[in-house]
Amino acid sequence: MKPLMRNKSSGFTLIELIVVIVILGVLAASISSFIKFGTQIYTETTARDQLVSSARFAIERLNREVRNALPNSLIVSGNCLKFTPIIESTIYTDIPVTPEITSDTINVIRFDEDIANIGHWKAIVYPLAPDDVYPIITSNDDKVHDIASIVTIGDEWVITLENDVVFAEDSPTQRIYFINESVEYCLLDNTLTRDGTKMAQDIYNANPFEVIASTLQRNAMVQIHLRFEKNGEQVTFNNEVQVLNVP
């Protein structure tokens, strides 16, 4: 009788299985580290871009408005910067100035603007200090006056004010400014706001604003110090903004 021949069984040995498992573990660890670091780099880059974008938007908006601030209207109170933007300006031809008697009309050179809009503005001449712009007690010799109506006569506008007034002094350049409400930027709880509206966040500074008063040799200057910080990323902005307008 012929002996029975058994077929050889094929498969993996235990050592081969262990080797495969170890290789798969190494590959899995490598791939997971690659994905982790790639995700972390993407997250950090996105956070950095958002931080820089937010910082640039806030700084550009602040710089643009400060450059157009009414002369001598800048005030720093704590972590807040207050100023009054200029809407328009022109040359006046006739205003009541001490020792003249009070009057409720002033004459100015007409400029390109809808008269209906001007009726909501205020007029100011030769502001030399913040008290001229933000008077504590109002009187007829203040420098800021509400506009009641406007009439066009040739190349001039005859502006009627709400009350009879007399200006303390003439502007050396006969310049009259038209303004409305003041604006206030504040840094509170690491958030920069404009009149209460959030502009940017993640800002860490003790004294973000400083105003250097104007002199006969130079214009007023606002120094802005803002440090944006998020997820270990820091962006610092140190700006000096000149208020180019003169009274």
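Before reading further, recall that the structure is shown in the block above.
Everything quoted here is computed from the prediction, not taken from an experiment.

Caption draft 1: Quick peek at the state of the cysteines. Enumeration over the complete set of coordinates arrives at one disulfide. Between Cys80 and Cys186 runs a disulfide, and the two sulfur atoms are separated by 2.0 Å. Handedness of the Cys80-Cys186 disulfide follows from its S-S torsion of about 115°: it is right-handed. Here Cys186 lies in strand 9 (residues 183-188) and Cys80 lies in strand 2 (residues 80-83), a separation of 106 residues in the sequence. The burial state of Cys80 is the same as that of Cys186; both residues are buried.

Caption draft 2: Region of the structure containing the pattern of salt bridges. This model, assessed by the stated rule, comprises six salt bridges. In this structure, Asp132 engages Lys143 in a salt bridge whose closest nitrogen and oxygen atoms are separated by 3.4 Å. Residue Asp132 is found in helix 3 (residues 130-133), and its partner Lys143 is found in the loop between helix 3 and strand 6 (144-153); the two are separated by 11 residues along the sequence. Judged by relative accessible area, Lys143 falls into the buried class, the value being 8%. The shortest N-O distance in the salt bridge between Arg227 and Glu229 comes to 3.6 Å. Several salt bridges share partner residues, and in doing so they unite Arg61, Glu65 and Arg194 into one network.

Caption draft 3: Examining the layout of surface pockets more closely. Space inside the largest pocket adds up to approximately 460 Å³. For the largest pocket, the lining is made up of 24 residues, of which Pro71, Asn72, Ser214, Thr215 and Pro247 are closest to its centre.

Caption draft 4: Main features of the pairing of strand 13 (residues 220-230). The pairing of strand 12 (residues 209-212) with strand 13 spans four bridges and is antiparallel. Note on strand 13: the bridge partner recorded for Ile212 is Met221. Relative to strand 14 (residues 233-243), strand 13 is paired through 11 bridges, and the arrangement is antiparallel. Bridging across to strand 14, Ala220 finds its partner in Val243. Counting the residues between successive antiparallel strands, the hairpin from strand 13 to strand 14 contains two residues, one of them, Asn231, with a positive phi of roughly 50°.

Each value, and the rule that gives it
- Residues numbered from 1 in each chain as written.
- Predicted model: local features only at pLDDT ≥ 70, side-chain atom pairs only at ≥ 80, totals over all residues.
- Heavy atoms only, no water.
- Disulfide = S-S within 2.5 Å.
- Helix = DSSP H or I, 4+ residues; strand = E, 2+ residues; numbered from the N terminus.
- Buried < 20%, exposed > 50% of the residue type's maximum accessible area, 1.4 Å probe, protein only.
- Salt bridge = Lys/Arg side-chain N within 4 Å of Asp/Glu carboxyl O.
- 1 Å grid on protein atoms, 1.4 Å probe; cavity = no way out; pocket = protein on both sides within 12 Å on 5 of 7 lines; lining within 4 Å.
- Points joined across faces, edges and corners; volume = space filled by probe spheres on them.
- Pairing = 2+ DSSP bridges.

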